[in-house]
Amino acid sequence: MLRVYLRRSDEGHQQYSIDVQREGSRMFVADELVRLGIDLSWADRVEYIDDDRAGDDFEGRVAFARLRAESKAGDIVLCRDQSRLGRDALEVTLAIRQLVRDRGARLFYYAERKEVEFANAIDAAMTFIKGTGHQMELEAIRSRVREALRARVRAGRIAGGRCFGYQLKRETD
């Protein structure tokens, strides 16, 4: 069974991200899996989509939880890269361990054109280290967003959304 995981972050404006990930996955199946002798039909895939979800939200991403529960030995799980699975180093390491080692699924990252190994302590450590980098990037993004919102407020502008009991009225300076 081919299982494809797609996640669009709630940070930033990435309206085409799901479509881009889907196309990257399709191309990987057509090129790389065929080269590896894995005969799976793109038409028979199962997609798991978490749209507008942060990478560190492991409770709110129901599609990812479903993917983890439904994956079986021999399944091919495909996603863009490790950051799509999550941006919490420990949680994503445990999720990959569950998928690859415990459930026996084969996990591939199409952006890196590689299969994810989880056979020993080095594989686990490398997964955790990569996850730490992704977690640090999420924290940096959030810090920059908070700084930008504070600057908007100091400049007398609305930081986002409507204030209760008020209507927004656009005026040019």
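Residues numbered from 1 in each chain as written. Predicted model: local features only at pLDDT ≥ 70, side-chain atom pairs only at ≥ 80, totals over all residues. Heavy atoms only, no water.

Draft legend 1. Region of interest: unusual backbone geometry. Despite not being glycine, D52 has its phi angle at roughly 65 degrees, a positive value. Position of D52 among the secondary structure elements: in the loop between β2 (46-51) and α2 (62-70). Even without a glycine there, the phi angle at R113 is positive, about 55 degrees. Considering the arrangement of structural elements, one finds R113 in the loop between β4 (106-109) and β5 (114-116). Accessibility expressed as a relative area gives 40% for R113, which makes it partly exposed. (Helix = DSSP H or I, 4+ residues; strand = E, 2+ residues; numbered from the N terminus. Buried < 20%, exposed > 50% of the residue type's maximum accessible area, 1.4 Å probe, protein only.)

Draft legend 2. Highlighting the pattern of salt bridges. The final tally for this structure, using the stated rule, is 16 salt bridges. Here R66 ties to E70 by a salt bridge, and the two come within 3.4 Å at their closest N and O atoms. Of this pair, R66 and E70 are both found in helix α2, four residues apart, which corresponds to roughly one turn of the helix. The residue R106 makes a salt bridge to E115 at a minimum N-O spacing of 2.9 Å. On the accessibility criterion, R106 (31% relative accessible area) is partly exposed. (Salt bridge = Lys/Arg side-chain N within 4 Å of Asp/Glu carboxyl O.)

Draft legend 3. Summary view of the environment of A148. Turning to its location among the elements, A148 is positioned in helix α5 (residues 121-154). Look at A148 and you get partly exposed, because its relative accessible area is 41%.

Draft legend 4. Structural view of the sheet that holds strand β3 (residues 76-79). Taken together, the five strands give an open sheet; going across it, the order is β2-β1-β3-β4-β5, and neighbouring strands pair in mixed fashion. Looking along the sheet, the strands with just one partner apiece sit at the ends: β2 and β5. Here the average twist between neighbouring strands, direction ignored, is 25 degrees. Alignment of strand β1 (residues 2-8) against β3, held across three bridges, turns out to be parallel. Its bridge partner being in β3, L2 is matched across the sheet by I76. Running at roughly 150 degrees to β1, helix α1 (residues 17-35) makes contact with β1, β2, β3 and β4 of the sheet. (Pairing = 2+ DSSP bridges. Axes fitted to C-alpha atoms, helices over the stretch in contact; angles between N-to-C directions. Contact = heavy atoms within 4.5 Å.)

Draft legend 5. The arrangement of a nonpolar patch on the surface in detail. Taken together, the side chains of L90, L94, I122, M126, F128 and I129 present a nonpolar region at the surface, about 580 Å² in accessible area. Sorting the residues of the nonpolar patch by element identifies α4 (89-102) and α5 as the ones contributing at least two each. Ranked by residues supplied to the nonpolar patch, first place goes to α5 with four residues. For M126, the position within the fold is in helix α5. (Patch = residues over 30% accessible without salt bridge, like charges linked within 9 Å, V, L, I, M, F, W, Y side chains within 5 Å. Areas by Shrake-Rupley, 256 points an atom, 1.4 Å probe, with all protein chains shown as cover.)

Draft legend 6. Summary view of the pairing of β1. Among the seven residues in β1, seven count as buried, and that is most of the element. Every second residue of β1 is oriented toward a common face, with L2, V4, L6 and R8 on one face and R3, Y5 and R7 on the other, all of them buried. Here β1 pairs with β2 via six bridges, running parallel. Pairing of R7 across the sheet is with D50, part of β2.

Draft legend 7. Structural detail: the packing of aromatic side chains. Following the criterion strictly, the structure yields three aromatic pairs and no others. Centre to centre, the rings of Y5 and F64 are 5.1 Å apart; their planes meet at 55 degrees, and the pair counts as tilted. Here the residue Y5 occupies a position in strand β1, and F64 occupies one in helix α2, the gap between them amounting to 59 residues. Per residue, the accessibility class of Y5 equals that of F64, and both read buried. Arranged with centres 6.1 Å apart and planes meeting at 65 degrees, the rings of F58 and F64 form a pair that is edge-to-face. Since its relative accessible area comes to 16%, F58 is described here as buried. Each residue in the set Y5, F58 and F64 is aromatic and connected to the rest through ring pairs, giving one cluster. Note that R61 overlies the ring of F58, its terminal NZ or CZ placed 4.6 Å from the centroid. (Phe/Tyr/Trp six-rings, centres within 6.5 Å; stacked < 30°, edge-to-face > 60°. Lys NZ or Arg CZ within 6 Å of the ring centre and 35° of its normal.)

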